[in-house]
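# Close look at the chain arrangement
Listed below are the residues making up each chain.
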Amino acid sequence: MQKPTIKQITLKNLMVFLMLLSLTTLVILTLNFRNISVRIMEDKALAISEVVKAGLTSHMRAKIMAKRDYFLAEINALTLVNNVAIIRSKEVTDQFGAGHWREKTYDHVTQEAFQTGRPVFILNDIDMEPYLRAIVPFIASSTEPLNCLKCHEVEEGTVLGAVDLELDLTEYRDVTAKLLAAIGFVTFSFIFLIVINNFRTIQRYVQEPLNSLIKKTEQAYQAHTPINADEFECLEFEHVAREINLFTGEAIHRQEVIEQKNLALEVMSKEIERTLQETLFTMGVIEEHRSKETNNHTLRVTKYSQLLGSKYGLPEREVELLAMASPLHDIGKLGIPDSILLKPGKLSEQEYEVMKNHCLIGYSMLSHSKRDVLQAAAIIAHQHHERWDGSGYPQGLAGENIHIYGRIVTLVDVFDALATKRIYKEKWALPEIVAYIKKERGGQFDPELVDLLIQNLDEFLVIKHRYH
Ligand SMILES: [Fe+2]
Ligand SMILES: [Fe+2]
């Protein structure tokens, strides 16, 4: 799954934070607003009850208490008032009589107001028709102007009665709901604006410079040029750019050092390879001198092998191996006694058998090594007297069972030997050599190699004359 970007993480956290903050604020606002509204409605209920109290007192003083229902009906007709009633206490009933039936309503709420002498409020703002019921007790007081004790034969502080009032809260609830909706709208608009603003800020000050920094870092490393740290607006990105410059500079320096070391190693490796090549060649020359063979036979065999290997299509490395290994083809002759090796004229059958051992001696000298050059040299020393038709020595291998190195050196060794004077024979003319090689096509020599040599004879003759 793809990882979220800095922008996505920041915006998600910001959204969650702002939503929680605004919800908390809304809940606090709602509760406070409800409390304040309820207090206002309670104060209204107390004010109306004061009016009722004053009205009833004035009726009493004017001795028109019998007309009080007209007054109460007017109060009842006020917009907010659902219902208004008065309740007489036992003391008032004892002094003035029971009043009419409505003035006897006495439930557990009014009982609480009579017992405590304090107003009792009951709020119902859940129903479809919300209301506030208030039972406000009248306490006997001698304080002017409403001196109750002038008419009532009770002690000061006695509860004379109560106003039982019910106010309609429908309008109040509608206003509350509208106000909260407005606050909610403003809050969420505010959140939206904050999120948009943050989106743009992150885009401009984080995401764009970060992408730019990544791109410039790649370019800086490839082009070996530092990033311009001053172009970043934020301090943090400027610092990162400077750090990247330090790091890139160090990495480039180390890379250059490694490249120089690699170059030196390459030179050293080539030097070692050339030294090895010359050492092997020198070993071949030592053998050549001991055998009193014609000068430069080893060098020409090396060049011919290299040329024929290339014509045959061997890979470059194998042509190199062939050129380095072919000088050692007769190294085994170092193990042949001088009396046989240097004998002028034809060898006896017994002497010839001894002479043939130089292949096995050469192989045993070289085959102990695991180095590819010496492995190749061992193969050549072992197989350069094998014949394509299987009548050669020492193993009597035939055709492609003879390694290609062995087949190549067999042909070029004979080609060079025939063209030069040896202690046991005279030098042959070129037509005779060519005739012999053609005659042995498929006999002593690999037919494909014979064809290649004949086709490219000019190039072989160039080598022959150059290293005469
Ligand atoms: Fe040989
Ligand atoms: Fe040779």
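The following refers to the structure shown. Note that the coordinates shown come from a computational prediction; the quantities given were computed from them, not determined experimentally. (Residues numbered from 1 in each chain as written. Chains lettered and ligands numbered in written order. Predicted model: local features only at pLDDT ≥ 70, side-chain atom pairs only at ≥ 80, totals over all residues. Heavy atoms only, no water.)

## Structural notes on the nonpolar core
Among the nonpolar cores identified, the biggest contains 46 residues, and L308, L366, Y405, L411, F415 and I437 are the most heavily contacted of them. The element contributing the most residues to this core is helix α13 (residues 404-418), with nine residues. Ignoring any residue separated from it by four or fewer positions in sequence, one finds L308 in contact with I408, L411, V412, L449, L452, L453 and F460. Counting residues in hydrophobic clusters, the runner-up holds 26 residues, among them V81, V92, F138 and C148. (Core = buried A, V, L, I, M, F, W, Y, C linked by side-chain atoms within 4.5 Å. Buried < 20%, exposed > 50% of the residue type's maximum accessible area, 1.4 Å probe, protein only. Helix = DSSP H or I, 4+ residues; strand = E, 2+ residues; numbered from the N terminus. Contact = heavy atoms within 4.5 Å.)

## Things to note about the coordination of the iron ion (ligand 1)
Protein-derived coordination of the iron ion (ligand 1) comes from D330 (OD), H358 (NE2), H384 (NE2) and H385 (NE2), at a distance range of 2.0 to 2.3 Å. Geometry at the iron ion (ligand 1) is irregular, judged from its four donor atoms and the angles of 84 to 169 degrees they form at the metal. Sequence spacing of the donors to the iron ion (ligand 1): D-x27-H-x25-H-H. A separation of 5.2 Å is found between the iron ion (ligand 1) and the iron ion (ligand 2). On the criterion of sequence distance, the pair formed by D330 in the loop between α8 (316-325) and α9 (338-341) and H384 in the loop between α12 (372-383) and α13 is long-range, its members being 54 residues apart. A relative accessible area of 2% means that H384 is categorised as buried. (Donors = N, O, S within 2.8 Å, 3.2 Å for Na, K, Ca; no water. Tetrahedral: all angles 85-135°; square planar, octahedral: opposite > 155°, others 65-115°.)

## Notes on the packing of helix α1 (residues 6-61) against helix α2 (residues 68-76)
Direction vectors running N to C along α1 and α2 enclose 160 degrees, while the axes themselves pass 10 Å from each other. With respect to their mutual orientation, α1 and α2 come out roughly antiparallel. Considering the relative orientation of α1 and α2, their crossing is right-handed. Across the interface between the two elements, I48, V51, V52, G55, L56 and H59 from α1 touch R68, F71, L72 and I75 from α2. For the contact of α1 with α2, the class distribution of residues is seven nonpolar, two polar and one charged. (Axes fitted to C-alpha atoms, helices over the stretch in contact; angles between N-to-C directions. Parallel < 35°, antiparallel > 145°, perpendicular 65-115°, else oblique. Left-handed = near helix turned anticlockwise from the far one by under 90°. Nonpolar A, V, L, I, M, F, W, Y, C, P; charged D, E, K, R; others polar.)

## What about a nonpolar patch on the surface?
A grouping of I6, L210 and I214 is seen on the molecular surface, where their side chains present a nonpolar patch of about 250 Å² in accessible area. Its location among the elements puts L210 in helix α5 (residues 170-223). For L210, a relative accessible area of 32% gives the class partly exposed. (Patch = residues over 30% accessible without salt bridge, like charges linked within 9 Å, V, L, I, M, F, W, Y side chains within 5 Å. Areas by Shrake-Rupley, 256 points an atom, 1.4 Å probe, with all protein chains shown as cover. Salt bridge = Lys/Arg side-chain N within 4 Å of Asp/Glu carboxyl O.)

## Some points on the pairing of strand β2 (residues 120-124)
With five bridges connecting them, β2 and strand β3 (residues 131-139) associate as antiparallel partners. The residue bridging L123 from the neighbouring strand is L132, located in β3. Connecting β2 to the next strand, β3, in antiparallel fashion are six residues. (Pairing = 2+ DSSP bridges.)

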